[in-house]
Amino acid sequence: MKTMLTVFLKEVRENIRDRRTVLNTLLTGPLLAPLMFVLLINGIVARELDKAEKPLPVPVIGAEHAPQLVEALKQMGVDIKEPPADPELAVREQEVDLVLRIPASYAQAWRKGEPAQVELIHDQSQREAGSSVSRLRGMLESYGERTALMRIVARGLSPNVTRPLVIANRDQSTAQARGGMMFAMLPYFFILGAFIGGMALAIDTTAGERERQSLEPLFANPVPRSQLLLGKLGATSAFSLTALMLSIVAFSISGQFLPTGKLGMSLSIGLDFAVVTMLVMLPLVVLVAALQTLAAAFAKSFREAQTYLSLLMFVPAVPSLLMSVFPVKTQTWMYAVPLMGQQVAITRLLRGDPVASNELLLCFAASTVAALVICFITARVYRSERLAISA
Amino acid sequence: MIELKDLHKAFGAVKAVDGVSFTARDGEITGLLGPNGAGKTTTLRMLYTLMKPDRGQVLVDGIDAAIDPLAVRRRLGVLPDARGLYKRLTSRENIDYFGRLQGMTQAAIDARRHALVEALDMGEIIDRRTEGFSQGQRVKTAIARALIHDPRNCILDEPTNGLDVMATRAMREFPRRLRDEGRCVLFSSHIMQEVAALCDRIVVIAHGHVVANATPDELRAQAGSDNLEDAFVKIIGSAEGLAA
């Protein structure tokens, strides 16, 4: 125990003195992601809200064929523009979001009471233009409906004839759940924060120590290697936990600056969230530290260790990707899979959904077992003769 | 006292150490001389239990290294071939770290470090970070760190490697001091002059074998030469990998 503490304190002290390690693991890692996140979300939201309120500019071809329609559109907030010479090309080249074309046959069809056609030229793959297109489509449809009603009333029929079915939307998602959907990437950021936080120390305490030729003298001391390893794992986990904590704090602060209210959402990144998240992440942090140390122990050099550990960073993305490609209902067994368990639990916590205490316990216990297994394997590798000897 | 009995160690097909036996007594400097690649470092690594011998036995003060490696390491002060320091720690912090790993109290560490700083003349560097140390300053810190627990047996693997002339001279004084304190000093080198000048007993290793084990006088008589360096070359069969 005393040996572990000695090693732990020495590793922490040594690495705190390394400005680059501190900067990367405790500043850039945990703070950059929340910052980027806030900027990004803010940007998207601001633009969407902007578009909804501003007049919608629409280039119209053949406005003279349908003066009533054009007038109605103007009243609904459309800013009629001169059409481009080649509308299809202009849309493809993203010069304009959309073009409305009113063919010459429109006026005739309208007068006869036949379906009059207008063309909406747009590019479905341009997500940017999506909201403009749906806004214009809505306006056109409501104009159509209005006209239909007037015609029916003029023929002495009840307007209800055309409405055999009415759909009422009863959205069951809570405000927090809507926020959570937007924040589906957040658990990944937290888990990634833990990876980045431990990386520098895992490399420094094993591959780095060997490369600097200090591992051999260290092993000449009368202490079992497993205790040296535990001290080193402790220091790596401590850095990783600190990074995670900073990352949670940063997200909870930056969450205040998100226009979640405007979108009718709320996020719960409060103290409760922080405590439960730290709890489910704790065994994962140890697991990650052990995995990183194991990978670093296999590497022949510092550089090789860095390569292995960078590759290891892709691992936590796997459950996130799988769940976005195959969106399945949260099931109990998922909590038993390290990484996935944390991902599921944090996602639910963010959405304000309850996570049963036995599910939290399952997540904690399963990750603890996995962490112990990896620690045990790493200890075995640490006992090998090759480990200490720098080529 | 250090006793090595018929040590063998192979790496794949290469027999690095192939039947090495010798004894290093208390109050003596035992020199381990051999060309680079003769198996000196591997022998010492088995001695301080970094490696397990394929065959043979290591006894330190009568304790079998295979049975109680921790007790053996407690009785050894080891300056290995690899002597990396923690460059973001000061010389003092480097030394104290090893003292704590030896299980010493802070008071005992302070007392012993004080004596070592005196003996190795490192008062000026003790509170400096070791980054940017000269080779000599590094070796001094590494030796102080290795001997912080006042071990009975001192193993110095090529302590003068990479040192300049002045530092080398100082470093040759230090083993004598350890011997005069009654310790068992095992000193490895590929420099003939150094071994000839320092050692009470010389063990010559070549190709993983012990080819001679005697006092300097006996070696001279054995080779029929007044010059110890000539005697070494004669015994080993070539001067390759040695330095005068």
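Provided above is the structure to which this section pertains.
Scope of this entry: the structure provided in the associated data block. Just so it is clear, the model here is predicted, and its values are computed rather than measured. (Residues numbered from 1 in each chain as written. Chains lettered and ligands numbered in written order. Predicted model: local features only at pLDDT ≥ 70, side-chain atom pairs only at ≥ 80, totals over all residues.)

### With respect to the overall build of chain A
- In terms of regular secondary structure, chain A is built from 15 helices and four strands.
- A compact globule built from 391 residues would reach a C-alpha radius of gyration of about 21 Å, whereas chain A, at 30 Å, exceeds it by more than 25%.
- Along the longest, intermediate and shortest principal axes, the C-alpha atoms of chain A span 100 × 45 × 30 Å.
- Here chain A holds 391 residues, and 37% of them are scored as buried.
- In chain A, 75% of the contacts between residues at least 6 apart in sequence involve partners at least 24 apart. (Helix = DSSP H or I, 4+ residues; strand = E, 2+ residues; numbered from the N terminus. Rg over C-alpha atoms; globule rule 2.2 N^0.38 Å. Buried ≥ 20, exposed ≤ 12 C-beta atoms within 10 Å, placed from the backbone. Contact = placed C-beta atoms within 7 Å.)

### A short note on the interface of chain A and chain B
- Contact with chain A, which involves 19 residues of that partner, is made by 23 residues of chain B.
- Secondary structure elements with two or more residues in the side of chain A that touches chain B: helix 1 (2-16) and helix 9 (215-219) of chain A.
- Tallying contributions element by element places helix 1 of chain A first for the side of chain A that touches chain B, with four residues.
- Class assignment of the residues belonging to the side of chain A that touches chain B gives a composition of six nonpolar, six polar and seven charged. (Nonpolar A, V, L, I, M, F, W, Y, C, P; charged D, E, K, R; others polar.)

### Considering the sheet that holds strand 4 (residues 55-60) of chain B
Residues and elements named next belong to chain B.
- Taken in spatial order, the four strands make up an open sheet running 2-1-4-5, and their pairing is antiparallel. Taken across any chain shown, the strands that pair with only one partner, and hence form the sheet edges, are strand 2 (14-24) and strand 5 (63-64).
- The sheet contact formed by strand 1 (residues 2-11) and strand 4 spans five bridges and is antiparallel. Among the inter-strand pairings, Glu3 is bridged to a residue of strand 4, identified as Leu59. (Pairing = 2+ DSSP bridges.)

### Considerations on unusual backbone geometry
Residues and elements named next belong to chain A.
- The backbone of Gln94 sits at a positive phi, close to 60°, despite the residue not being glycine.
- With respect to the secondary-structure elements, Gln94 resides in the loop between helix 4 (87-92) and strand 3 (98-101).
- By C-beta crowding, Gln94 is classed as exposed, having 11 other C-beta atoms within 10 Å.
- In this structure, Gln213 takes a positive phi of about 65° despite not being glycine.
- In this structure Gln213 comes out as partly exposed when scored by C-beta crowding, with 17 C-beta atoms within 10 Å.

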